[in-house]
Structure formats: C-alpha cells, structure tokens
Amino acid sequence: MSLAKNAFAPVQHARAFLDQNPDVELFELFILDNNGAPRGKLLHRDELLAVYENGRPLPSTMLGLTLNGDDVENSGLVWDVGDIDCRAYPLNGSLQRMPWRLIPTAAVQVGMHPEEGMPAAVADPRLLLSRVIDALQADGYYPVMAAELEFYLLDAQRDSQGRPQPARDADGGRPRATQVYGLRELEQIEPFLADLYAACKLQGIPARTAISEYAPGQVEITLEHRTDALQAMDEAVRYKRLVKGVAHKHGMAACFMAKPFEHLAGSGMHMHVSLADRDGHNLFSSEAADGTLLLRHAVGGMLDTLLDSLLLLCPNANSYRRFQSNSYAPLAPTWGVDNRTVSLRVPGGPAFSRHIEHRVCGADANPYLAAAAILAGIHRGIRQQRDPGAPVQGNGYAQATELLPTDWLTALNALEASPWAREAFGSEFLGVYLAVKRAEYRQFMGEVGEQDWRWYLNQA
C-alpha cells in the first residue's frame with residue numbers, strides 16, 4: 001500500500017457526493033485516536049471540497065489525548081511542538097450519509113498524511129496498521145480479516161440506584177434472562193435492527209448475522225471478511241459509530257465496554273484472520289482441521305507475542321475484568337480447533353475457509369491497533385517458524401497452566417519492556433501510546449487509591 005498523498009480519496013468523490021446529496025448540510029470530519037475515540041470537527045457543506053483538495057489541518061494533540069480528552073504533556077505532541085497543525089486527508093469510501101441524524105449530515109474519516117501530518121502521523125493508529133500490512137505483503141502474505149463485535153443495548157435512563165440497565169423491548173418489558181441465541185429477543189429489537197441494517201447498507205458496511213448474546217440486552221452482529229485487512233478495520237470503526245448513532249436515535253445507548261456488568265458476560269471483539277497469496281488463494285487452506293504449517297506458525301507467533309501486545313488488545317482497566325473462567329472469554333495463551341475455551345480458535349468448516357479466530361480483544365479495543373498487534377505477531381511467528389504446541393482439546397479453562405494477566409499495569413509494563421514491540425511498531429508510536437496509557441493509569445490510581453485498585457477492577 002502506498003502511503004503517499006495519492007492513497008487518499010480524490011476530490012471527484014466529494015464533488016459526486018455533493019451533486020447526489022444536495023440536502024446534506026453538515027459533515028462530521030473525524031479521525032480515530034489511539035483509544036479508538038473519534039475526534040474531529042463539524043464542517044459546513046461549502047468546506048468539504050477544500051478538505052479533499054488540500055487536506056485539513058488538525059492539532060497535533062488530537063492523537064495524544066487520554067480517553068477523557070486530556071492533553072498528555074510528555075507525549076511529545078503538546079508543548080514540545082507548540083500543538084502544531086498536522087494535515088489530514090479523507091480516506092477512500094468514508095464519505096457517507098448518517099441517516100440517524102436530525103439535520104442531514106454525512107461523515108468523512110480522515111487519516112494523517114505520513115509527511116504533512118507529522119509529528120502526529122507517528123501516532124495515527126490506521127497508519128500504523130497500514131505499515132504492518134505492508135511488511136507482511138512484502139513477504140508475499142496478504143491478510144484477510146473481519147471483526148465480530150459484541151455490545152449491550154442499554155436504556156438511556158439509569159435504574160433507581162443510578163446503575164445502567166438493559167433497554168426495554170418493543171413490548172415494553174425489560175430483558176432479564178440470558179436467552180443466548182434467543183430469536184424472540186431479536187424480534188423485540190426489530191425496529192433497531194431494521195434501522196441498523198438499512199444504515200449499514202447505505203454506508204456499504206457488510207453487516208451479516210445477528211444473534212442474541214450471552215446476557216440480557218447483549219447483541220452480536222458479524223461483519224463479512226475482507227481481502228483488504230485495512231478496509232475490514234475501517235468498516236469495524238465506522239460500524240461502531242453507526243451502532244451508537246442508531247441506538248441513540250431509538251432512545252438507547254450502545255455500550256462497547258469490555259465488562260460493563262460484574263455478574264454478566266463481557267463483550268469481546270473477535271478478530272478473524274487468514275493469509276492469502278497475491279492471487280487471493282488462502283494459504284491456511286487445508287483438509288486438516290488444524291490447517292497448514294503456515295497457520296501453525298501464525299498461531300505460534302500470536303501466542304509468543306500475546307503478553308507483549310496485550311495492552312493493544314485490552315487497553316483499559318475495565319478490559320481485564322473480562323478474563324474469567326467459564327465465561328467464553330479467554331483465560332490463557334492457548335489455542336485449539338473448534339474450541340471456544342481458548343484464546344486462538346481455528347473454526348471448523350470447508351478447507352477454503354480455514355482461518356484463525358482471535359478471541360482476546362475486548363470490544364473496547366481500537367480495531368486498528370488490535371489488528372496491528374495480531375498481524376505483527378503472525379509475521380513474527382512465520383519468520384521464526386514458531387511452534388504453538390499441541391492444540392487444546394476439551395475444557396481449556398480446566399487445563400490452563402499459564403494465565404493471562406488480570407491487571408492493567410502488568411500489560412502496560414510488558415508493552416513498554418518489549419523489544420519486539422519497538423521493532424514492530426516503532427519507538428515513536430510507542431512513546432506516544434505509552435505516555436497516554438501511563439497518564440490514564442495515574443488518573444485511575446488517583447481516583448481509587450493505591451491499595452484499592454484491585455478491588456475497583458472487580459466491582460460492578
């Protein structure tokens with residue numbers, strides 16, 4: 001993939017959109033920061049063409065903010081550079097109507113230009129993923145990916161004790177039972193689903209199967225695999241914004257926290273990945289259920305780098321509450337064939353569909369950073385021919401001997417100390433990302449106290 005200016009969307013796309021949508025008055029220009037939060041500006045119609053022709057200057061601090069939107073002074077993007085303007089350009093396919101908005105509005109996603117966007121470009125998560133993909137493609141591997149996101153539909157109003165609660169069904173009742181795979185539960189949210197699928201179709205997002213997940217009010221909708229992994233993650237990013245917008249229109253809140261309720265299932269972002277050759281042939285394809293030797297090396301690399309990259313997969317204090325035994329969330333660096341008790345699952349199915357389902361990411365992860373961590377781990381495993389060992393059979397929870405960390409600080413320290421991460425992601429990106437995460441951790445510790453933070457992680 002070229003990182004030059006011509007990799008961005010041409011101005012003809014904007015002109016055609018304006019001609020075809022004369023009623024659209026406003027445009028949400030956004031970029032995704034390292035926490036996965038969209039940040040940007042609301043533009044008037046007559047400002048759009050200039051963004052496509054000359055880019056849009058955005059402050060360097062925009063890609064070095066905490067989740068609360070605070071500057072991180074030691075990120076290198078604040079006072080050291082005078083909060084300099086960095087130029088961003090529109091991404092192909094991102095200019096789309098937002099049908100849930102009252103005022104006719106469209107969104108356009110931008111990315112930092114690799115030169116004109118400096119110094120903020122070093123912290124652009126999408127640009128990082130594109131570089132990881134480039135490195136794989138240089139060795140003849142073309143990643144195919146899809147994201148599978150779980151979320152809760154919550155009532156906009158809290159309960160009598162101020163706690164979040166599941167949104168009411170169409171019949172006025174409030175879901176209380178788990179009812180995993182329940183069809184009535186999907187029927188009860190049909191008005192939301194109808195608008196959601198319509199918005200996905202309008203935006204070209206390949207939303208497919210919907211299921212009622214393992215808790216009242218929890219839903220999962222799968223996205224189709226894409227032969228362009230960057231496109232797949234673009235769609236995951238826009239899908240999350242779309243889900244939240246449509247839910248808001250229906251008087252609900254879509255919650256992508258990893259573990260919003262202590263006593264209910266957490267929400268994951270399962271990442272599906274395979275590698276193709278230049279002609280699109282699946283290099284993991286095999287009649288054997290555990291795939292090819294290349295697939296095993298990929299699994300070995302992901303297991304080998306799981307601790308070092310865990311902060312990119314599980315970025316927040318809340319993320320680690322999800323790691324619980326017998327919860328369908330992973331607990332250990334394990335793999336298996338058609339086994340949902342492990343971290344890396346090779347689903348069954350015909351040979352041509354052979355791929356890996358990475359089950360570690362929480363729904364709160366930034367899709368670009370999670371994909372970058374997964375693909376960089378795969379690349380390491382292939383280059384070093386890492387053997388993952390025998391796949392787990394049966395209950396992976398009962399057989400786990402080495403557990404994933406259940407606290408934020410351990411993951412933060414592991415990423416900071418990792419030579420592999422510095423080689424794979426670059427010291428400049430890690431410098432900004434770790435500065436942000438350290439700032440968030442200090443804020444978190446200040447709120448709950450040094451002695452109480454483990455207690456805090458386990459509360460509802």
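By convention here, each chain's residues receive numbers from 1 onward along its written sequence. Selection of residues for local features in this predicted model requires a pLDDT of at least 70, selection of side-chain atom pairs for listing and counting requires 80 or more, and totals for whole chains, interfaces and linings are taken over all residues. To obtain the side-chain values, all non-hydrogen atoms of the structure were included, while hydrogens and water were left out.

Can you break down helix H9 (residues 367-384) residue by residue, with the values?
Counting from the N terminus, the helices are DSSP H or I runs at least four residues long and the strands are E runs at least two residues long. A helix's residues, less one, multiplied by 1.5 Å, set its expected span. Across its 18 residues, H9 extends 26 Å between first and last C-alpha, which sits within 8% of the 26 Å expected from 1.5 Å per residue. When accessible area is computed with a 1.4 Å probe and restricted to protein chains, residues below 20% of their type maximum are described as buried, those above 50% as exposed, and intermediate ones as partly exposed. Counting buried positions along H9 yields 15 of 18 residues, so the element is predominantly enclosed. Contacts described as polar in this section are N or O atom pairs within 3.5 Å, which, within protein, must combine one atom able to donate a hydrogen with one able to accept it, while residues neighboring in sequence count only if both atoms come from side chains. Near the N-terminus of H9, the side chain that reaches the backbone nitrogen of tyrosine 368, with its oxygen 2.9 Å away, is that of asparagine 366. Count one or two residues on from H9 and you reach glutamine 385, which has phi positive near 50 degrees.

Provide a residue-level description of helix H6 (residues 229-249), including the pertinent values.
Along its 21 residues, H6 runs 30 Å from first to last C-alpha, staying within 8% of the 30 Å computed at 1.5 Å per residue. With a side-chain oxygen lying 3.0 Å from the backbone nitrogen of leucine 230, the N-terminal cap of H6 falls on aspartate 228. Glycine 251 occupies a position one or two residues after H6 and carries a positive phi of about 75 degrees.

So what about the packing of aromatic side chains? Which residues, and what values?
Two rings from Phe, Tyr or Trp (for Trp, the six-membered ring) form a pair when their centres sit within 6.5 Å of each other. Planes less than 30 degrees apart are called stacked, planes more than 60 degrees apart edge-to-face, and all others tilted. Evaluated as defined, the whole model comprises 10 aromatic pairs. Taking the centre distance of 6.0 Å and the plane angle of 65 degrees together, the rings of phenylalanine 17 and phenylalanine 27 count as edge-to-face. Remark: phenylalanine 27 occurs in strand E1 (residues 26-32) and phenylalanine 17 occurs in helix H1 (residues 11-20); sequence separation between them is 10 residues. Each member of the pair, phenylalanine 17 as well as phenylalanine 27, is classed as buried. Ring geometry for tyrosine 152 against phenylalanine 261: centres 5.3 Å apart, planes inclined by 65 degrees, an arrangement best described as edge-to-face.

I'd like to hear about the side chain of serine 286, residue by residue, with values.
Secondary-structure assignment places serine 286 in the loop between strand E11 (269-276) and helix H7 (293-304). Here alanine 288 takes part through its backbone nitrogen, which lies 3.0 Å from a polar atom of the side chain of serine 286. If near-sequence neighbours (up to four positions away) are discounted, serine 286 is found in contact with Gly291, Thr292, Ala351 and Arg354. Here, two residues are considered to be in contact whenever any of their heavy atoms come within 4.5 Å of each other.

Would you mind going over unusual backbone geometry in detail, with residue names and values included?
Residue proline 119 follows methionine 118 across a cis peptide bond; omega there is 5 degrees. Turning to its location among the elements, proline 119 is positioned in the loop between strand E6 (105-112) and helix H3 (125-138). With a phi close to 45 degrees, aspartate 83 is a non-glycine residue in the positive phi region. Note on placement: aspartate 83 falls in the loop between strand E3 (56-59) and strand E4 (85-90). Even without a glycine there, the phi angle at glutamine 385 is positive, about 50 degrees. One can find glutamine 385 in the loop between H9 and helix H10 (396-399).

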